[in-house]
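If you want the building blocks of each chain, they are given just below.
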Amino acid sequence: MTDSWQECMNHCVDVTKQAGKIVREALEKDIAVMEKSSPTDLVTETDQRVEKLIISAIREKYPTHCFIGEESVAAGAPSVLSDGPTWIIDPIDGTTNFVHRFPFVSVSIGFTVNKEVEFGIVYSCMEDKMYTARRGKGAFCNGLPIKVSGQEDITKSLVLTEMGLKKDPEHFKTVMDNIQKILNVPVHGVRCPGSAAVNMCLVACGAADAYYHQGIYCWDMAGGAALVTEAGGVIVDITGGPFDLMSRRLIVASSPRVAQRIAQELTVFPCGRDDAP
Ligand code: IPD
C-alpha cells in the first residue's frame, strides 16, 4: 500500500530545500526588519515570502489539508489544531538570529494527523543541515541517523533555553530565576543559541542534553518534536506531564530522568495557548 504521509514528507523536503535557498540568498542582501507585537518581536519580508511559497507549494498538491503558519496567524488566520492532516510552518525560526546573521536560523515544518506529529523537517539554513524525522522511522541529519546523548545525570548535562525579554516583569524574573536554579543544580552549563527548532535538533543529535522553554508557539515546536522523539529523546510539558503541542511550553531531554529533574526545578508561569479563542 502507498504510504501517503511518506509522499507528503518527500514533498515537504523538496519545498523546505526551496525555502532554505531563499533564506540563504536573503542573508547575502540587506535585511529590512519590521516589528510585530513588540520591539523584540521581529519579522522580515523573507519570513512572509517564504511562508507564502511553502503554503502555496503544499496546497497545490494537497488542497484539502489544513495549515497553521506563523505569519498567517500574525495576519489573523486561526491557530487551531484539527484532526485533519495539518502542516505547521515556521518559515524562519530564529528571525532575530537571521537579522543578525547569528548562524542558527531554520525553516521548520511539522505535519500532524489526528493531532499527532507524523513527521518533522528542520533545515538549519546557515549550517546547511537538513534534519528529518518520520514517526517510527528514526531521525536523520543530511541523511545520516542521529540519536540523543542518552545522558541520565542532570549534573553532567548541557541545558539549552531562551531568555527573551518578557513584557510582564514577574514572568521575566521567573525566567531568570529558573536559569539560576538550573545552573545551581549544578549542570555543566546553560546555553541560549536559538532557534527553538535548532535547539531541539541539538538535543536530537546529542550536542546538548536538554532544552526547556515557556512562551514559544506550536510552529516553533512541531518540526523539532518529531526529531527529538525519533532520536530516542523525550518531550514533556514544563510540569513534567504529557506534552501538548498547543500549550506553548515544553521540556525535551536525552532521558526521562533529566526531563523530570528539570521539571522539578522550574517555576511555571501562565503563557497562554496557541488555540486560545
Ligand atoms: C522564535 C525563535 C526564538 C525563540 C522564540 C521563538 P521566531 O521563533 O525560535 O529562538 O526564543 O520563542 O518564537 O519568531 O524567530 O519564528
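The structure displayed is predicted, hence computed values, not measured ones.

Draft legend 1. Representation of the site of the ligand within the structure. The full set close to the ligand counts 13 residues, and E70, D90, D93, G94 and T95 are the nearest of them. Within the backbone of G94, a nitrogen or oxygen atom sits 2.7 Å from an oxygen atom of the ligand. Contact between the ligand and E162: an oxygen atom at 3.0 Å from a side-chain N or O atom of the residue. About the coverage of the ligand: the protein hides 81% of its 380 Å² of free accessible area.

Draft legend 2. Structural context of the pattern of salt bridges. The full count for this structure, using the stated rule, is 16 salt bridges. For K137, the salt bridge is made with D3, and the minimal N-O distance between the two is 3.6 Å. Of this pair, K137 sits in the loop between β7 (129-134) and β8 (139-141) while D3 sits in the segment before α1 (4-27); the two residues are 134 residues apart in sequence, bridging distant segments of the chain. Of the residues examined, K137 reaches a relative accessible area of 48% and is grouped as partly exposed. We note a salt bridge from E70 to K36, for which the minimum N-O separation is 3.3 Å. Here E70, found in helix α3 (residues 70-74), pairs with K36, found in the loop between β1 (33-35) and β2 (42-44); they are 34 residues apart in sequence, far enough to count as distant. Of the residues examined, E70 reaches a relative accessible area of 14% and is grouped as buried.

Draft legend 3. Main features of helix α5 (residues 169-183). Look at α5: 21 Å from first C-alpha to last across 15 residues, which is about the 21 Å you get at 1.5 Å a residue. Considered for burial, the residues of α5 that qualify are H171, T174, V175, N178, I179 and I182. What you see down the axis of α5 is that its buried residues fit within an arc of 135°, all on one side. Those residues of α5 that are exposed and angled more than 90 degrees off the buried face are P169 and E170. Two or three places before E170, at the opening of α5, D168 has a side-chain oxygen 2.8 Å from that residue's backbone nitrogen.

Draft legend 4. Quick look at the domain arrangement of the protein. Taken domain by domain, the protein comprises domain 1 (4-145) and domain 2 (154-265). Each of domain 1 and domain 2 was reduced to a C-alpha centroid, and the two centroids are 20 Å apart. Of the residues lining the interface, 39 residues belong to domain 1; the matching set on domain 2 comes to 21 residues. There are zero salt bridges connecting domain 1 and domain 2. The tally of links from domain 1 across to domain 2 stands at eight residue pairs in polar contact (both at pLDDT 80 or more).

Draft legend 5. Quick look at helix α6 (residues 196-204). With nine of its nine residues buried, α6 lies for the most part within the structure. The complete set of buried residues in α6 reads A196, A197, V198, N199, M200, C201, L202, V203 and A204.

Draft legend 6. Local environment of the environment of G69. Relative to the helices and strands, G69 is located in strand β3 (residues 66-69). The spacing of G69 and P91 is 22 residues in sequence and 7.8 Å in space, taken between C-alpha atoms. Once you skip the residues sitting within four places of it in the chain, G69 turns out to touch E51, I89 and W219.

Draft legend 7. Seen up close, the sheet that holds strand β4 (residues 86-93). Overall, mixed pairing links the seven strands, which are arranged β3-β4-β5-β6-β7-β8-β9 in an open sheet. The open sheet has two free edges, formed respectively by β3 and β9 (144-145), since each of these has just one partner strand. Lying over the sheet, helix α2 (residues 45-61) contacts β3, β4 and β5 (106-113), oriented at roughly 155° with respect to β4. Where helix α7 (residues 218-230) meets the sheet, it contacts β3, β4, β5, β6 (116-124), β7 and β8, and its direction lies at approximately 100° from that of β6.

Draft legend 8. Representation of the sheet that holds strand β13 (residues 234-236) within the structure. Taken in spatial order, the five strands of this open sheet run β11-β10-β12-β14-β13, and their pairing is mixed. The outermost strands of the open sheet, each flanked by one partner alone, are β11 (189-191) and β13. On average, each strand axis in the sheet is inclined to that of its neighbour by 20°, with strand direction left out of account. Note that β13 and strand β14 (residues 249-253) share three bridges and pair antiparallel. Within β14, the residue paired with I235 across the bridge is V252. Helix-sheet contacts for α6 involve β10 (158-160), β12 (210-214), β13 and β14, and the interaxial angle to β12 is about 155°. Together, β10, β12, β13 and β14 form the strand contacts of helix α8 (residues 256-265), whose direction differs from that of β14 by roughly 140°.

Here is what the cut-offs are and how they apply
- Within each chain, residues carry numbers counting from 1 in the order of the written sequence.
- Only residues with pLDDT of at least 70 are given local features in this predicted model, and only at 80 or more are side-chain atom pairs given and counted; all residues enter the totals for whole chains, interfaces and linings.
- The side-chain quantities take in all heavy atoms of the structure and omit both hydrogens and water.
- It suffices for a single heavy atom of a residue to lie within 4 Å of a molecule or strand for the residue to be listed as near it.
- Nitrogen and oxygen atoms within 3.5 Å of one another constitute a polar contact, given that in protein one can donate a hydrogen and the other can accept it, and given that sequence-neighbouring residues count only through two side-chain atoms.
- Values of accessible area rely on a 1.4 Å probe in the Shrake-Rupley scheme; residue burial ignores everything except the protein chains shown.
- Within this document, salt bridges are pairs made up of a side-chain nitrogen of Lys or Arg and a carboxyl oxygen of Asp or Glu, the two lying within 4 Å of each other.
- Helix and strand definitions here come from DSSP, where helices need a minimum of 4 consecutive H or I residues and strands a minimum of 2 consecutive E residues; each element is numbered from the N-terminal end.
- Only protein chains enter the calculation, and the probe is 1.4 Å; a residue is then buried if its accessible area is under 20% of its type maximum, exposed if over 50%, and partly exposed in between.
- Helix span, as expected, comes to 1.5 Å for every residue beyond the first.
- The arc refers to the directions leading from the helix axis to the C-beta atoms.
- Start and end points for every domain follow an automatic or database-based domain assignment.
- Contact between two residues is taken to exist if any of their heavy atoms lie within 4.5 Å; hydrogens are not considered.
- We call two strands paired when DSSP finds no fewer than two bridges between them.
- Convention adopted: a line fitted to C-alpha atoms gives each axis, helices being fitted over their contacting stretch, and angles between N-to-C directions are expressed from 0 to 180 degrees.

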